[in-house]
Amino acid sequence: METQKDGQKPCAPKNKPANRLPGPDLFSPITLEKFSKDVRKLQLRIAKAFREGKPGKVKALQRILTRSLAARTLAVQRVTTNKGKNTPGVDRILWKTPREKTRNVQVLKRRGYTPLPLRRIYIPKKNGKLRPLSIPTLFDRAMQALHLLALIPIAEETADPNSYGFRPDRSTADAIGQCHTLLSRRTSSQWILEGDIKSCFDTISHPWLLGHIPMDKVVLRKWLRAGYIDKRTFFPSMEGTPQGGIASPTMANMVLDGLERILKDRFSSGCLVHVVRYADDFIITGRSKELLQYEVKPVVETFLRERGLILSQEKTRVVHIREGFDFLGQHLQKYANQKVLTKPAKNNVRSFLDKARNILKLAKAKTQTWLIETLNPVIRGWANYHRHIVAKTTFGKVDSTLWSLLWSWLKRRHPGKGRRWIFQQYFQRRGLRNWVFAVPKGRLELVEASKTPIRRHVKIKGQAHPFDPQWTDYLNTRKTISKLQRKVPRHDG
């Protein structure tokens with residue numbers, strides 16, 4: 001064994017994050033930025049080794065990454081800064097202080113790790129049913145975030161080109177853009193299979209996951225068998241992945257990846273069979289109704305059955321493009337002029353207005369300032385989601401409905417007051433605009449959906465992903481353009 005010469009410091013392995021002891025500056029912006037670069041270098045090496053067909057090297061690099069201080073710190077930082085940071089698991093423990101976060105970075109290790117059962121809660125669905133949501137403890141979430149850093153480079157390498165859900169640099173706008181591309185030409189397919197997988201996250205086969213997900217099998221097996229607690233009763237988990245888990249969306253994507261390639265190999269280009277998928281929602285185009293119903297659908301069902309999944313008979317159907325279909329909250333339909341228009345789906349608009357009504361019901365004894373500050377993020381978020389499609393007319397109708405709801409709220413609040421008095425108390429004149437629902441003193445006012453500029457979205461190229469160096473410049477350019485668009489307002493219709 002080669003000895004170290006006196007006076008010389010031992011050299012750390014190249015591209016391996018240094019495992020120095022955590023200090024008080026562990027979560028400083030400078031340190032986090034350095035850790036992010038270190039982790040990304042290892043992720044690029046993992047993706048490269050996978051492309052070159054070196055599974056042994058992939059496992060070694062994944063082991064280095066999950067044991068590094070950089071990755072453990074980023075994992076803890078993620079679970080303590082995201083939306084679920086104040087939602088505890090069954091242990092009711094949250095990490096609030098830097099000391100708690102630093103201590104958990106030190107103990108975030110594979111050896112001796114045993115996940116606790118998940119806390120089961122239920123959230124309402126659009127159809128009135130309840131969706132089960134399983135919440136891991138904060139420590140288990142951090143462990144999932146840690147191993148996800150090592151898994152996601154491989155997930156991106158094996159992903160279907162037209163899978164857009166829960167993937168970096170992709171969004172619902174990309175999925176809708178691909179749908180428009182496939183259906184907008186005169187020679188495009190006229191029939192669409194709307195697919196929806198029944199209880200996708202809850203029914204994925206555990207043996208399939210253990211046999212095909214390229215990560216630490218010991219840790220994965222412990223996650224899958226952790227079980228959950230519902231109303232103080234423990235239930236073992238025999239199938240599925242927890243919907244509240246950080247790694248679950250990526251693993252679900254990997255379960256469904258390969259469908260696009262199978263259909264491409266099975267059917268010729270003349271059949272016009274194409275897939276667009278966002279998480280477990282997908283559409284498949286085809287030349288005829290019979291092709292989709294009797295040839296494509298059985299292939300999809302066989303593919304899903306191997307993974308423990310089945311299609312939802314309620315939501316899976318074959319429709320003609322003239323009839324139109326809803327996908328990701330938007331409605332695509334071809335009209336008599338052969339143009340395909342994408343508009344906000346009626347159910348989506350109805351859900352948004354119902355949410356606004358519920359806020360107004362809660363505001364019976366609230367101030368005008370509270371109401372505006374509560375409604376504005378909801379209106380902005382909904383309008384920004386639909387800003388890439390033909391939504392200007394819908395925005396105007398929504399603004400009109402919201403104004404009527406506000407007026408009813410004001411009349412109930414002040415039943416003995418007249419129109420002029422209500423205007424003086426709650427509305428302002430701003431430039432050329434009258435009847436602006438705004439606070440008398442200050443610039444706080446209710447935003448209008450119709451003021452959201454319409455900007456066409458440029459779809460990401462299907463093969464692009466952040467762990468292949470050949471796409472780095474392309475993805476950086478897209479991010480730069482997106483930032484410039486957000487800074488420069490446009491008032492086009």
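Residues numbered from 1 in each chain as written. Predicted model: local features only at pLDDT ≥ 70, side-chain atom pairs only at ≥ 80, totals over all residues. Heavy atoms only, no water.

Focus on helix α5 (residues 138-158)
- With 21 residues, α5 ought to run about 30 Å at 1.5 Å a step, and its terminal C-alpha atoms sit 29 Å apart, in line with that.
- A150 marks the point of greatest bend in α5, at about 40°, and the proline P153 comes within the next four residues.
- Among the 21 residues that make up α5, 18 are buried, leaving the element largely enclosed by the rest of the structure. (Helix = DSSP H or I, 4+ residues; strand = E, 2+ residues; numbered from the N terminus. Expected span 1.5 Å × (residues − 1). Bend = angle between axes of the 7 residues up to and from the residue. Buried < 20%, exposed > 50% of the residue type's maximum accessible area, 1.4 Å probe, protein only.)

Focus on the packing of aromatic side chains
- Inspection of every chain in the model, using the stated rule, returns 19 aromatic pairs.
- Look at W407 and W435: their rings are 5.9 Å apart centre to centre, the planes differ by 70°, and that puts the pair in the edge-to-face class. Here W407, found in helix α15 (residues 392-413), pairs with W435, found in strand β13 (residues 433-437); they are 28 residues apart in sequence, far enough to count as distant.
- For W407, a relative accessible area of 16% gives the class buried.
- Clustering of aromatic rings is evident, with ring pairs tying together W403, W407, W409, F423, Y426, F427, W435 and F437. (Phe/Tyr/Trp six-rings, centres within 6.5 Å; stacked < 30°, edge-to-face > 60°.)

Thoughts on the environment of T158
- The topology assignment puts T158 in helix α5.
- Classification of T158 as partly exposed rests on a relative accessible area of 22%.
- Considered as a pair, T158 and R51 are 107 residues apart in the sequence and their alpha carbons are 9.5 Å apart.
- If we skip the residues at most four places from it in the chain, T158 touches F50, M254, D257 and R261. (Contact = heavy atoms within 4.5 Å.)

Let's talk about the sheet that holds strand β5 (residues 233-235)
- In space, the 4 strands of this open sheet follow the order β2-β1-β4-β5, with mixed pairing throughout. At either end of the open sheet lies a strand with only one pairing partner, and these are β2 (130-135) and β5. Averaged over all neighbouring strand pairs, the angle between strand axes comes to 40°, with direction disregarded.
- As paired elements, strand β1 (residues 118-124) and β2 share 6 bridges and run antiparallel to each other. (Pairing = 2+ DSSP bridges. Axes fitted to C-alpha atoms, helices over the stretch in contact; angles between N-to-C directions.)

Overview of a positive patch on the surface
- Side chains of K59, R63, R67, K109, R111, K217, R221 and R225 sit close together on the surface and give a patch of like positive charge.
- Counting residues per element, the ones that place at least two in the positive patch are α2 (55-67) and α9 (217-224).
- The leading source of residues in the positive patch is α2, at 3 residues. (Patch = residues over 30% accessible without salt bridge, like charges linked within 9 Å, V, L, I, M, F, W, Y side chains within 5 Å. Areas by Shrake-Rupley, 256 points an atom, 1.4 Å probe, with all protein chains shown as cover. Salt bridge = Lys/Arg side-chain N within 4 Å of Asp/Glu carboxyl O. Lys, Arg positive; Asp, Glu negative; His and termini not counted. Charge placed at Lys NZ, Arg CZ, Asp CG, Glu CD.)

What to know about the environment of I262
- Structurally, I262 can be placed in helix α11 (residues 259-266).
- The class for I262 is partly exposed, based on a relative accessible area of 37%.
- Once the C-alpha coordinates of I262 and V299 are considered, the two residues, 37 residues apart in sequence, prove to be 8.5 Å apart.
- Contact partners of I262, with chain neighbours within four places excluded, come to V299 and F303.

Focus: the pairing of strand β11 (residues 340-344)
- The pairing of strand β10 (residues 330-334) with β11 spans 5 bridges and is classified as antiparallel. The residue bridging Q330 from the neighbouring strand is P344, located in β11.

Focus: the packing of helix α13 (residues 346-362) against α15
- For the pair α13 and α15, the least separation of the axes is 11 Å and the interaxial angle reads 20°. Here α15 runs roughly parallel to α13, going by the angle between their axes. Our pair here, α13 against α15, has a crossing hand that is right-handed. Across the interface between the two elements, V349, F352, L353, A356, R357 and L360 from α13 touch T394, V398, T401, L402, L405, L406 and W409 from α15.
- When grouped by side-chain class, the residues that make up the contact of α13 with α15 number 10 nonpolar, 2 polar and 1 charged. (Parallel < 35°, antiparallel > 145°, perpendicular 65-115°, else oblique. Left-handed = near helix turned anticlockwise from the far one by under 90°. Nonpolar A, V, L, I, M, F, W, Y, C, P; charged D, E, K, R; others polar.)

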